[in-house]
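Report on the structure
Take a look at the letters that make up each chain.
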Amino acid sequence: GDVNVDLIEPVVGAVNIRTVQGDTLLTVPDGGDCRVTMSTLRGYVDCMVDLQDMNRGDRRITGQLGSGNGTLDVSAVTGDVRLRQRIHV
C-alpha cells in the first residue's frame, strides 16, 4: 500500500522505507545529514529537496544532505517515490 511519512526531526542516522506496491511520500525538515537514495522499478521518482551532488536517472535519484553521515533509502517495486521539504508554519 501507500506510505506517507512526515518526519519532525532531521535525518542524521539511518532511515529505510520500502514498499512493494504503492506510492511513497516522505517529508523531511531542514538540517538532515545523510546520503539519499530514492528508487523504483515501475514508477517515477521526484525530489523536491535541494540535494548536494544530485544524480538523477530514469527511476533513481541519489544525493546528499549535509555531510552525508547517515542514510536515507526509499524504494518501491511498483509505485512512485517522492521526497519533499517540510514546511514550517
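Above this note sits the structure.
Residues numbered from 1 in each chain as written. Predicted model: local features only at pLDDT ≥ 70, side-chain atom pairs only at ≥ 80, totals over all residues. Heavy atoms only, no water.

**Notes on the side chain of Thr19**
Rules: For the purposes of this entry, the term helix denotes a DSSP run of H or I that reaches at least four residues, the term strand denotes a run of E that reaches at least two, and both are numbered from the N terminus. For the exposure calls, accessible area comes from a 1.4 Å probe over protein chains only, and a residue counts as buried if that area is under 20% of its type's maximum, exposed if over 50%, partly exposed in between. Between N or O atoms, a polar contact is any pair within 3.5 Å; within protein, one atom must be a potential hydrogen donor and the other a potential acceptor, and residues adjacent in sequence are included only when both atoms are from side chains. Note on definitions: a residue-residue contact is assigned when non-hydrogen atoms from the two residues lie within 4.5 Å.
The topology assignment puts Thr19 in strand 2 (residues 14-21). Judged by its relative accessible area of 9%, Thr19 falls in the buried class. Here Gly1 takes part through its backbone oxygen, which lies 3.0 Å from a polar atom of the side chain of Thr19. Not counting residues within four places of it along the chain, the set of residues in contact with Thr19 comprises Gly1, Val3, Thr24, Ser75, Ala76 and Val77.

**What about the pairing of strand 8 (residues 70-78)?**
How we decide: A pair of strands counts as paired when DSSP detects no fewer than two bridges linking them.
Examined bridge by bridge, strand 2 and strand 8 share seven bridges and lie parallel to one another. If you follow Arg18 over to strand 8, its bridge partner there is Ser75. Direction of pairing for strand 4 (residues 34-42) relative to strand 8: parallel, over a ladder of eight bridges. The residue bridging Thr40 from the neighbouring strand is Ala76, located in strand 8.

**Quick notes on the pattern of salt bridges**
Condition: Put simply, a salt bridge is a Lys or Arg side-chain nitrogen that is within 4 Å of an Asp or Glu carboxyl oxygen.
Applying the stated criterion to the full structure yields two salt bridges. Measuring nitrogen to oxygen at the nearest pair gives 2.8 Å for the salt bridge that ties Arg86 to Asp6. Here Arg86, found in the segment after strand 9 (81-85), pairs with Asp6, found in strand 1 (residues 3-6); they are 80 residues apart in sequence, far enough to count as distant.

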